[in-house]
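This is what each chain is made of:
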Amino acid sequence: LAKTTQPISMDSYEGQEVNITCSHNNIATNDYITWYQQFPSQGPRFIIQGYKTKVTNEVASLFIPADRKSSTLSLPRVSLSDTAVYYCLVGLYNFNKFYFGSGTKLNVKP
Amino acid sequence: NAGVTQTPKFRVLKTGQSMTLLCAQDMNHEYMYWYRQDPGMGLRLIHYSVGEGTTAKGEVPDGYNVSRLKKQNFLLGLESAAPSQTSVYFCASSLSPRSGSYEQYFGPGTRLTVT
């Protein structure tokens, strides 16, 4: 299985940059990497997707090294509203290797 | 657009009872999914569908059945509920990967308790 490993939790302060790393050693050649954000009592919300190198959108950046065995979600200048659980997902359309993981609980403090 | 909607939002069942959860999407997505999320855990894929009339098993399919008679609807059935099926159930939909997008759109969830 293309399982993922993430830190269970992270703390940060408002205005800081937060980097969350996900390990996915068994990623397959065709697998994309996607990240989701989930608030309590809500469904996950898509943040960003990537295959290699760096991807940036209006809310985050995704860094993927050449070997693709890990990826790092970067959230610039976090605010209290960024307190949530962040999931790294790999193997999205290889359903036999589909794994959401337990996520990283980010706590942003004032 | 309503996006992905789920019915009902909450339900309490007794062991052995049956029920159907309804998921509807208005984005003309080909792919639809049912997940369960237990407290403090990530999401686990129960069943999925890559098109109208087709369904397939995910990671934890036992005790559940699904049907996709219409493209916009994906039904999850529990024939004989068990306490181990107490969970929050999320439905999601997405375009085909051929579109280049891997974004899944999630519904608000159904909180199911089996006593």
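The structure under discussion appears in the preceding block.
Residues numbered from 1 in each chain as written. Chains lettered and ligands numbered in written order. Predicted model: local features only at pLDDT ≥ 70, side-chain atom pairs only at ≥ 80, totals over all residues. Heavy atoms only, no water.

1. Description of the state of the cysteines
Residues and elements named next belong to chain B. If you walk through the whole model with that rule in mind, you get two disulfides over all chains. Residue C23 pairs covalently with C91 via a disulfide, S to S 1.8 Å. Where C23 bonds to C91 through sulfur, the torsion about that S-S bond is close to -75°, and the disulfide is left-handed. Taken together, the residues span a long stretch of sequence, with C23 in strand β3 (residues 19-25) and C91 in strand β9 (residues 87-94) at a distance of 68 residues. (Disulfide = S-S within 2.5 Å. Helix = DSSP H or I, 4+ residues; strand = E, 2+ residues; numbered from the N terminus.)

2. Brief notes about the sheet that holds strand β6 (residues 61-64) of chain A
Residue and element names in this part refer to chain A. Read across the open sheet, the four strands follow the order β2-β7-β6-β5; overall the sheet is antiparallel. Edge positions in the open sheet fall to β2 (18-23) and β5 (53-56), since each of these has one partner strand only. Taking each pair of neighbouring strands and ignoring which way they run, the sheet shows an average axis angle of 15°. Inspection of the sheet shows β2 paired to strand β7 (residues 70-75) by six bridges, in the antiparallel sense. Bridge pairing links N19 to S74 in β7. (Pairing = 2+ DSSP bridges. Axes fitted to C-alpha atoms, helices over the stretch in contact; angles between N-to-C directions.)

From the geometry alone we can't say anything about function, so treat these as descriptive.
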